[in-house]
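Structural characterization, general
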Amino acid sequence: SLPAKLINGGIAGLIGVTCVFPIDLAKTRLQNQQNGQRMYASLSDCLIKTIRSEGYFGMYRGAAVNLTLVTPEKAIKLAANDFFRHHLSKDGKKLTLLREMLAGCGAGTCQVIVTTPMEMLKIQLQDAGRIAAQKKLMAAQAQLSSSPAAAAAEPAVETRTTATQITRELLRSKGIAGLYKGLGATLLRDVPFSIVYFPLFANLNKLGQKDPNVKAPFYVSFLSGCVAGSAAAVAVNPCDVIKTRLQSLQRGVNEDTYSGILDCTKKIWQREGPTAFFKGAYCRALVIAPLFGIAQVVYFIGIAEFLLDMLPKHRA
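Residues numbered from 1 in each chain as written. Predicted model: local features only at pLDDT ≥ 70, side-chain atom pairs only at ≥ 80, totals over all residues. Heavy atoms only, no water.

1. Some details on the side chain of T28
As for its position among the elements, T28 is in helix 1 (residues 2-32). Judged by its relative accessible area of 1%, T28 falls in the buried class. If sequence neighbours within four positions are ignored, T28 has contacts with I123, Q126, D127 and T244. (Helix = DSSP H or I, 4+ residues; strand = E, 2+ residues; numbered from the N terminus. Buried < 20%, exposed > 50% of the residue type's maximum accessible area, 1.4 Å probe, protein only. Contact = heavy atoms within 4.5 Å.)

Listed below in structure tokens is the structure:
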């Protein structure tokens with residue numbers, strides 16, 4: 001049933017995000033840092049420096065936004081894919097690869113309604129620590145400089161903002177469009193991701209089914225979700241880098257600004273080289289693999305069906 005699908009998707013998203021959020025934060029910071037302004041050398045270096053400067057809970061900056069909105073996002077994504085697969089297979093025939101890809105395309109398009117504002121707010125909160133750390137480092141270097149003006153510089157103090165404050169400011173200054181900055185780049189990432197992920201997962205999962213009418217074991221669904229998620233995540237990582245850069249409202253010292261997808265692509269290619277499009281790719285694979293592995297296990301086990309079945313018994 002649709003309610004069960006929505007509940008399953010929501011539970012899956014909450015469990016997955018809680019497990020992998022620190023890696024997602026590192027991914028955002030690694031993608032946003034540009035040549036000459038590198039604060040972090042790797043995933044582990046980023047997490048260690050974040051804990052030292054911001055404490056353990058610094059790794060979960062922006063998690064509240066993600067946890068609040070990931071439920072409708074994952075619910076829409078998984079339920080929409082099932083909806084499109086159902087309607088594309090009404091003739092009773094097995095779905096062709098093209099139809100599986102069309103179903104994934106539909107799911108990816110539907111989810112951006114929630115994904116874009118969620119990512120927009122999450123990125124501001126995740127990257128704030130990097131920018132603050134960079135400003136403090138620049139101020140410390142300036143104080144050591146021989147320049148009188150530089151010597152007078154004071155260390156930058158980070159003013160922490162909340163998702164609510166950012167939302168209010170964006171709505172006040174730009175209206176609802178402010179929350180949907182980077183919509184085109186989000187579509188450019190999420191639609192191809194779903195086109196790759198859902199058909200790949202469905203076919204991998206079928207390999208573990210002894211009978212077409214019986215669900216695959218949970219570990220098959222988990223591994224299928226991990227493999228399909230990792231493959232799709234790496235494939236669309238260049239789009240994720242562009243999306244992250246476009247949605248960042250604050251920039252570090254001497255960092256580029258971008259007017260759109262083409263401008264961002266051109267500047268990254270010219271100033272940072274083609275390898276910059278794969279910044280944070282392994283972090284993204286580490287995030288997506290367990291996230292979708294857990295999501296598919298919860299979704300296919302059907303926790304919601306169990307909960308919904310218990311309601312009438314409880315009332316009785």
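Having seen the model, we can carry on.
2. Considering the environment of A202
By the secondary structure assignment, A202 is in helix 7 (residues 183-207). You can call A202 buried: its relative accessible area is 13%. Note: C-alpha distance between A202 and S224 (22 residues apart in sequence) is 8.1 Å.

3. Concerning the packing of helix 9 (residues 237-247) against helix 10 (residues 261-272)
Two elements in contact, helix 9 and helix 10, have axes whose closest approach is 10 Å; the angle formed by their N-to-C orientations is 110°. With respect to helix 10, the element helix 9 is oriented roughly perpendicular. Each of V241, I242, R245 and L246 in helix 9 lies in contact with helix 10, whose residues at this interface are I261, C264, T265, I268 and E272. Its residues assigned to classes, the contact of helix 9 with helix 10 shows six nonpolar, one polar and two charged. (Axes fitted to C-alpha atoms, helices over the stretch in contact; angles between N-to-C directions. Parallel < 35°, antiparallel > 145°, perpendicular 65-115°, else oblique. Nonpolar A, V, L, I, M, F, W, Y, C, P; charged D, E, K, R; others polar.)

4. Examining the nonpolar core
The biggest cluster of nonpolar side chains holds 27 residues, and the ones touching the most others in it are V65, F193, Y197, I288 and F292. Within the residue set of this core, elements represented by two or more residues are helix 1, helix 3 (63-88), helix 4 (97-144), helix 6 (163-174), helix 7, helix 8 (218-235) and helix 11 (281-301). If we ignore the near neighbours within four places in the chain, the residues touching I288 are F193, G229, S230, A233 and G293. (Core = buried A, V, L, I, M, F, W, Y, C linked by side-chain atoms within 4.5 Å.)

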